[in-house]
Amino acid sequence: MKDFADRIAVVTGGGTGMGRELVRQLVAEGCNVAMCDLSAQSMAETKRLCEVERLPQGLRITTHVADVSDDSQVQRFRDDVAEQQATDKIHLLFNNAGIGGGGSMFSNSREEWERTFNICWGGVYNCTRAFLPMLQRADQGHIVNTSSVNGFWASVGPGISHTSYCAAKFAVKGFTEALITDLQVHAPHIKCSVVMPGHIGTSIVTNSRKIQSGNDSDTLTAQELAGARQRIAAAGFDAARMSDAQVEKLVLERARQFLEEAPTTAAAAAKIILDGVKADRWRILVGHDAERIDELVRQSPEQAYDVDFFESFAAEVGWRLGTPTPRRPPEGPQ
Ligand SMILES: NC(=O)c1ccc[n+]([C@@H]2O[C@H](COP(=O)([O-])OP(=O)(O)OC[C@H]3O[C@@H](n4cnc5c(N)ncnc54)[C@H](O)[C@@H]3O)[C@@H](O)[C@H]2O)c1
């Protein structure tokens, strides 16, 4: 698809981060957008940011509260899109919504593990199923599934458990690669791409904590503090000697660093993704760090989970995530 003007795009997780920037850039190119998110407030802000720019006449931006991990909510989202966008077809589906958390099979509950997995993988699956008939009715379609570098490399550094997110992101990558052939056989006018970002500056660390815990405040609950202490200890620090206030400060500082000290901004990431779609690329690596880790894992797959491998990669690309230093809170990046 060479341009997006007058097309209709669905973007999941359009309330913040890369989803918000995708919505803004699509709208700026004259594309109608229907977005969903858990948060009505953050979608209202995305819409406001779009409307600050002058919108093309008649362009539709609709917002829909829906949890992509819940199939009945996704089906309602699809029906609302059809009604509010007055259409029986869409051209672009960005399966972008995702959260981290639930990293350990030992220290996280089954509910936490499955919450991450069901959003990151189940959301992609539910939305693809729900919107496929609408994509089939369009003259051209494109499905853009956001995986991660954790879709081909299951680590964010030594000492950090990250099983649920990595399992989900590998699933997204495998599904999308297999979809290439399925679409060629059954719906050749629809293309698909898997997006594999490196570290992108977004609020995903904060958002994931809030969605996982149901606690919308910056003051950590007793359960969140206990979880953070476990992760700090697992990364080799003496968490027992830290006060609750110190643990909380570390968690908040970690989220700030993730947002503010990333090599790639969410806006730059959205541009790379949209350029990749226009160029018909099925694999879209986002950021120099993502390109480099892709090369390194292919070069030395057997070493990919060694401490040295991580440390030399982190030093080369300037990642401060995952390297245990006293300033860095030991929670995995997304
Ligand atoms: N930021 C990174 O470094 C990075 C790296 C690789 C991959 N990713 C992936 O990119 C995607 C976007 O992440 P981001 O960094 O922009 O994060 P973000 O937290 O800024 O945005 C994600 C959005 O998805 C929404 N969301 C979460 N769960 C949802 C659900 N169940 N239903 C509907 N909406 C939901 C959130 O409310 C949020 O608005 C995610 O899939 C993430 O895993 C991010």
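Described in the following lines is the structure provided in the data block. In this text, all values refer to a predicted model and were calculated from it rather than measured experimentally. (Residues numbered from 1 in each chain as written. Predicted model: local features only at pLDDT ≥ 70, side-chain atom pairs only at ≥ 80, totals over all residues. Heavy atoms only, no water.)

Next up on the list: the overall build of the chain. Across its full length, the chain carries 11 helices and nine strands. Computed over C-alpha atoms, the radius of gyration of the chain comes to 20 Å, within 12% of the 20 Å expected from 2.2 N^0.38 for 334 residues, which places it in the range of a compact globule. When its C-alpha atoms are laid out on the principal axes, the chain stretches across 60 × 45 × 35 Å. Looking at the chain residue by residue over its 334 residues, the buried ones come to 52%. Partitioning the intrachain contacts of the chain with sequence separation of at least 6 by distance along the chain shows that 72% fall at a separation of at least 24. Surface exposure of the chain reaches about 14800 Å², of which carbon and sulfur atoms provide 50%. Charge separation in the chain, taken as the distance between the mean sites of 35 positive and 42 negative side-chain charges, equals 2 Å. (Helix = DSSP H or I, 4+ residues; strand = E, 2+ residues; numbered from the N terminus. Rg over C-alpha atoms; globule rule 2.2 N^0.38 Å. Buried < 20%, exposed > 50% of the residue type's maximum accessible area, 1.4 Å probe, protein only. Contact = heavy atoms within 4.5 Å. Areas by Shrake-Rupley, 256 points an atom, 1.4 Å probe, with all protein chains shown as cover. Lys, Arg positive; Asp, Glu negative; His and termini not counted. Charge placed at Lys NZ, Arg CZ, Asp CG, Glu CD.)

Another aspect to go through is the sheet that holds strand β6 (residues 190-197). Read across the open sheet, the seven strands follow the order β3-β2-β1-β4-β5-β6-β9; overall the sheet is parallel. A single partner strand is all that each edge strand has here, and the edge strands are β3 (61-65) and β9 (283-286). When the angles between neighbouring strand axes are averaged without regard to direction, this sheet yields 15°. Sheet topology note: the β6/β9 ladder contains four bridges and is parallel. Counterpart to Met196 in the pairing with β9 is Leu285. Packed onto the sheet, helix α10 (residues 288-299) meets β6 and β9 and runs at close to 115° relative to β9. (Pairing = 2+ DSSP bridges. Axes fitted to C-alpha atoms, helices over the stretch in contact; angles between N-to-C directions.)

Turning our eyes to something else, we now look at the packing of α10 against helix α11 (residues 307-317). Relative orientation and spacing of two packed helices are given, respectively, by the angle between their axes and the distance between those axes. Contact pair α10 / α11: the axes reach a minimum separation of 10 Å and the direction vectors enclose 150°. The angle between α10 and α11 places the two elements in the roughly antiparallel class. Considering the relative orientation of α10 and α11, their crossing is right-handed. Between α10 and α11, the contacting residues are His288, Asp289, Arg292, Ile293, Leu296 and Val297 on the first element and Phe309, Phe313, Glu316 and Val317 on the second. Looking at side-chain class alone, the contact of α10 with α11 contains six nonpolar, one polar and three charged residues. (Parallel < 35°, antiparallel > 145°, perpendicular 65-115°, else oblique. Left-handed = near helix turned anticlockwise from the far one by under 90°. Nonpolar A, V, L, I, M, F, W, Y, C, P; charged D, E, K, R; others polar.)

With that settled, consider the nonpolar core. In terms of nonpolar packing, the biggest core is built from 29 residues, with Phe4, Leu26, Leu92, Phe94 and Ile273 touching the most fellow members. Secondary-structure elements contributing two or more residues to this core are β1 (8-12), α1 (17-28), β2 (32-37), α2 (40-52), β4 (92-95), α9 (266-278) and β9. If one sorts the elements of this core by residue count, α9 sits on top with six residues. Beyond its immediate stretch of four places on either side in the chain, Leu92 contacts Met1, Phe4, Arg7, Ile8, Ala9, Val10, Leu26, Cys31, Leu135, His142 and Val277. Counting residues in hydrophobic clusters, the runner-up holds 25 residues, among them Phe77, Ala97, Cys127 and Leu179. (Core = buried A, V, L, I, M, F, W, Y, C linked by side-chain atoms within 4.5 Å.)

Okay, the site of the ligand next. In the neighbourhood of the ligand, 31 residues make up the surrounding shell, with Asp37, Asp67, Asn96, Tyr165 and Thr202 lying closest. At 3.0 Å from a nitrogen atom of the ligand is found a main-chain nitrogen or oxygen belonging to Val68. One of the side-chain N or O atoms of Lys169 is found 2.9 Å from an oxygen atom in the ligand. Here the ligand, which alone exposes 820 Å², has 98% of that area covered by the protein. Elements supplying a minimum of two residues to the shell around the ligand: α1, α5 (163-186) and α6 (204-213). (Near = heavy atom within 4 Å. Polar contact = N/O pair within 3.5 Å; in protein donor to acceptor, adjacent residues only side chain to side chain.)

What follows concerns unusual backbone geometry. Not every positive phi belongs to a glycine, and Ala86 is a case in point at roughly 50°. Looking at where Ala86 falls in the secondary structure, it is placed in the loop between α3 (71-84) and β4. Residue classification places Ala86 among the exposed residues on the basis of a relative accessible area of 57%. Residue Asp280 is not a glycine yet carries a positive backbone phi of 60°. Relative to the assigned elements, Asp280 resides in the loop between α9 and β9.

Position of Thr202 relative to the elements: it lies in the loop between β7 (200-201) and α6. Thr202 sits in the buried class, given a relative accessible area of 9%. Reaching out from Thr202, the side chain makes a polar contact with the backbone nitrogen of Ile204 at a distance of 3.2 Å. Here Thr202 is in contact with Gly17, Met18, Phe258, Leu259 and Ala266, once residues within four sequence places are set aside.

Keep in mind these numbers describe shape, not what the thing actually does.
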